Amino acid sequence: MDMTAADQAVLHYGDGEFAVLKPGRFVRCAVTDKPIPLEILRYWSPTRQQPYFGPAEFIAAQKAAT
C-alpha cells in the first residue's frame with residue numbers, strides 16, 4: 001500500500017473511539033512506525049495518545065513505559 005505523508009491522519013484517541021482532527025488514510029504505529037490504515041486501527045492509548053499496529057505493539061509500549 002503506497003502511503004505518503006500527505007495521506008497521514010491526525011487523531012485524538014479516546015476510550016473506545018477516536019476523533020479525526022486532520023483527515024487522512026492512515027496513522028503510524030508508535031512502536032514500529034508501520035502505517036496503519038484507519039479502517040483497521042483497533043489498538044491505541046488514550047493516555048499516551050499513541051496508535052499501535054496490533055496487540056504485540058501495545059504490550060511492548062506498556063512494558064517500555066514501566
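Everything numeric in this text was worked out from a predicted model, so none of it was measured. (Residues numbered from 1 in each chain as written. Predicted model: local features only at pLDDT ≥ 70, side-chain atom pairs only at ≥ 80, totals over all residues. Heavy atoms only, no water.)

Draft legend 1. Representation of the overall build of the protein in the model. Along the backbone of the protein there are one helix and six strands. The secondary structure elements of the protein, listed N-terminal to C-terminal, are β-β-β-β-β-β-α. Relative to the 2.2 N^0.38 estimate, which gives 11 Å for 66 residues, the radius of gyration of the protein is 11 Å and therefore close to what a compact globule would have. Over its C-alpha atoms, taken along the principal directions, the protein stretches across nearly 35 × 25 × 15 Å. Scored against the burial criterion, the 66 residues of the protein give a buried share of 29%. Within the protein, contacts between residues at least 6 apart in sequence are counted, and of these 26% link residues at least 24 apart. Carbon and sulfur atoms provide 56% of the accessible area of the protein, an area that totals close to 4,300 Å². (Helix = DSSP H or I, 4+ residues; strand = E, 2+ residues; numbered from the N terminus. Rg over C-alpha atoms; globule rule 2.2 N^0.38 Å. Buried < 20%, exposed > 50% of the residue type's maximum accessible area, 1.4 Å probe, protein only. Contact = heavy atoms within 4.5 Å. Areas by Shrake-Rupley, 256 points an atom, 1.4 Å probe, with all protein chains shown as cover.)

Draft legend 2. Representation of the environment of valine 20. Mapping valine 20 onto the fold places it in strand S2 (residues 18-22). Relative accessible area serves as the criterion here: at 44%, valine 20 is assigned to the partly exposed category. Beyond its immediate stretch of four places on either side in the chain, valine 20 contacts Val10 and Leu11.

Draft legend 3. Seen up close, the packing of aromatic side chains. A complete count under the given rule lists three aromatic pairs for this structure. Taking 6.1 Å as the distance between ring centres and 35° as the angle between the ring planes, the aromatic pair formed by tyrosine 13 and tryptophan 44 counts as tilted. Of the two residues, tyrosine 13 is situated in strand S1 (residues 10-13) and tryptophan 44 in strand S5 (residues 43-45); the sequence distance between them amounts to 31 residues. We note that tyrosine 13, like tryptophan 44, is buried. With a centroid separation of 5.3 Å and 85° between ring planes, the pair formed by phenylalanine 18 and tryptophan 44 is classed as edge-to-face. Separated by 26 residues along the polypeptide, phenylalanine 18 in strand S2 and tryptophan 44 in strand S5 bring together distant segments of the chain. (Phe/Tyr/Trp six-rings, centres within 6.5 Å; stacked < 30°, edge-to-face > 60°.)

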